[in-house]
Protein chains: 2
Amino acid sequence: MNFGQHSQEEYFRMAESFHGRVAPGLIIGGIMITMAQERVPKDSLYDVICETSYCLPDAAQLLTPCTIGNGWLRVVDLGRFALTLYDKQSGDGIRVFLDKGKIDKYDEIKNWFLKLKPKKEQDSNQLLEQILDAGREIYSINKVRVQPQLLSKRSKGSIAICAACGEAYPAKHGATCLACQGQSPYLTAGKNP
Amino acid sequence: MNFGQHSQEEYFRMAESFHGRVAPGLIIGGIMITMAQERVPKDSLYDVICETSYCLPDAAQLLTPCTIGNGWLRVVDLGRFALTLYDKQSGDGIRVFLDKGKIDKYDEIKNWFLKLKPKKEQDSNQLLEQILDAGREIYSINKVRVQPQLLSKRSKGSIAICAACGEAYPAKHGATCLACQGQSPYLTAGKNP
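Residues numbered from 1 in each chain as written. Chains lettered and ligands numbered in written order. Predicted model: local features only at pLDDT ≥ 70, side-chain atom pairs only at ≥ 80, totals over all residues. Heavy atoms only, no water.

### Re the overall build of chain A
Working step 1: On a plain count of helices and strands, chain A comes out with 6 helices and 8 strands.
Working step 2: Shown N-terminal to C-terminal, the secondary structure of chain A runs as helices and strands in the order α-α-β-α-β-β-β-α-α-β-β-β-α-β.
Working step 3: Projecting the C-alpha coordinates of chain A onto the three principal axes gives extents of approximately 60 × 40 × 30 Å.
Working step 4: For chain A, with 193 residues in total, the buried portion stands at 54%.
Working step 5: Contacts in chain A between residues far apart in sequence, at least 24 positions, make up 63% of those at least 6 positions apart.
Working step 6: Total accessible area on chain A stands at roughly 8900 Å², and carbon and sulfur atoms take up 49% of it.
Working step 7: The averaged location of the 21 negative side-chain charges in chain A is 8 Å from the averaged location of its 24 positive side-chain charges. (Helix = DSSP H or I, 4+ residues; strand = E, 2+ residues; numbered from the N terminus. Buried < 20%, exposed > 50% of the residue type's maximum accessible area, 1.4 Å probe, protein only. Contact = heavy atoms within 4.5 Å. Areas by Shrake-Rupley, 256 points an atom, 1.4 Å probe, with all protein chains shown as cover. Lys, Arg positive; Asp, Glu negative; His and termini not counted. Charge placed at Lys NZ, Arg CZ, Asp CG, Glu CD.)

### As for the nonpolar core
Working step 1: Within the largest apolar cluster, 95 residues are counted, with the highest numbers of intra-cluster contacts made by Phe81, Leu98 and Tyr139 of chain A together with Leu98 and Tyr139 of chain B.
Working step 2: In contact with Leu98 of chain B, not counting residues within four places along its chain, are Ile28, Met32, Phe81, Ile103, Trp112, Phe113, Ile138 and Tyr139 of chain B. (Core = buried A, V, L, I, M, F, W, Y, C linked by side-chain atoms within 4.5 Å.)

### Description of the sheet that holds strand E4 (residues 73-75) of chain B
Working step 1: The sheet built from 6 strands is open, its strands ordered E8(A)-E7(B)-E6(B)-E5(B)-E3(B)-E4(B) with mixed pairing. At either margin of the open sheet sits one strand with a lone partner, and together these are strand E8 (186-187) of chain A together with E4 of chain B.
Working step 2: When strand E6 (residues 92-98) of chain B meets strand E7 (residues 139-146) of chain B, the two strands line up antiparallel, connected through 7 bridges. By the bridge assignment, Gly93 of chain B is partnered in E7 of chain B with Val144 of chain B. (Pairing = 2+ DSSP bridges.)

### Observations concerning the pairing of strand E4 (residues 92-98) of chain A
All names here are of chain A.
Working step 1: Most of E4 sits out of view: 6 of its 7 residues are buried.
Working step 2: With 5 bridges connecting them, strand E3 (residues 82-87) and E4 associate as antiparallel partners. From the neighbouring strand, Ala82 faces E4, where its bridge partner is Phe97.
Working step 3: In sequence, E3 turns back onto E4 through a hairpin of 4 residues, with Gly91 there showing a positive phi of about 80°.

### Notes on the interface of chain B and chain A
Working step 1: The partner chain A presents 58 residues to the 58 residues of chain B that form the contact.
Working step 2: Carbon and sulfur atoms supply 58% of the area buried between chain B and chain A, which totals about 5000 Å² over both sides.
Working step 3: Broken down residue by residue, the surface that chain B buries against chain A is led by Tyr54, Arg80 and Tyr186 of chain B, which jointly contribute 15%.
Working step 4: Applying the counting criterion to the chain B and chain A interface returns 4 salt bridges.
Working step 5: Linking Arg80 of chain B and Glu167 of chain A is a salt bridge whose minimum nitrogen-to-oxygen distance equals 4.0 Å.
Working step 6: At the boundary of chain B and chain A, one finds 33 residue pairs in polar contact (both at pLDDT 80 or more).
Working step 7: Contributing elements (two or more residues each) for the side of chain B that touches chain A: helix H1 (8-19), helix H3 (56-63), E6, E7, strand E8 (159-161), strand E9 (168-170), helix H6 (179-183) and strand E10 (186-187) of chain B. (Buried area = accessible area lost by both parts, 1.4 Å probe. Salt bridge = Lys/Arg side-chain N within 4 Å of Asp/Glu carboxyl O. Polar contact = N/O pair within 3.5 Å; in protein donor to acceptor, adjacent residues only side chain to side chain.)

See below:
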């Protein structure tokens, strides 16, 4: 099986290096990306939506030009094991998802996907084998159109200096930066970092 | 200048391949990651917070084991050009930020960072030169402690099947999945994909 333009061996090596291990979700994500890529019009410039932050974003970042930092990959965290490649302009997209209606004969995939067993009791070797054996048959595909507000290029707008912490931030956030409005991820005594 | 364990040439090649181009934010992010890495205790297992989705997450994904998909990198989108490496257990972290108080003598960095000029009028070659010339002198460092609720391992909890769309989703989201509760990124006529 190929993953994007890579052989299985290459992709597994890339997954291990980038993600830390060849996780089931990386293999599944790699197959989903490949299935979507085969269906988007040739030469279309596409962006990616992943509907979960688990694993799928890394498959997208390995197999497409889209990353979190370049803005072409968006995580819309619905907790569904699904991803969409869509045309940047029109929003027309191909959505691929792991279909729970198609996994009945793969017990380890079912245990993993629906969390029917604690992770420790799952057989990870058999899980990988079943994912590879199943190939493309456990996924389904929707044609979708992405909401227009998600198509516009992200923009910070103009930059202000926060009166509280002294750092630069997007002026549209208000009179101070969001951290100084209480959204800081840090515990702090004095000045808000 | 080194970027993590890579030479500048190597890192630039990695940035171009992963991010699409050697963007100013990737170079700045690479320097920030490197400065933080030098200050976290040796052998500590750290996670990363990026305070913006622009560029910095890609520097983190290239230079650390932390990615969006493996859960060790979190984007807390405050719109500040800052990142933190913090101990997974204790939450003690090193936060590095581009310090607007230190960029006065670098006009192109100032134009870019504070958006004083439209992008078209900025001189991108000079910007890159100034970033490399400035080296580490335009950043500041805070010691921080990350909020305890950000330290716990992310968990989906148990999985339910959505009564509306039929897909698997985290049961904690409610009686139907978040897409079917109105958070779908897609325009749809019938069944909610």
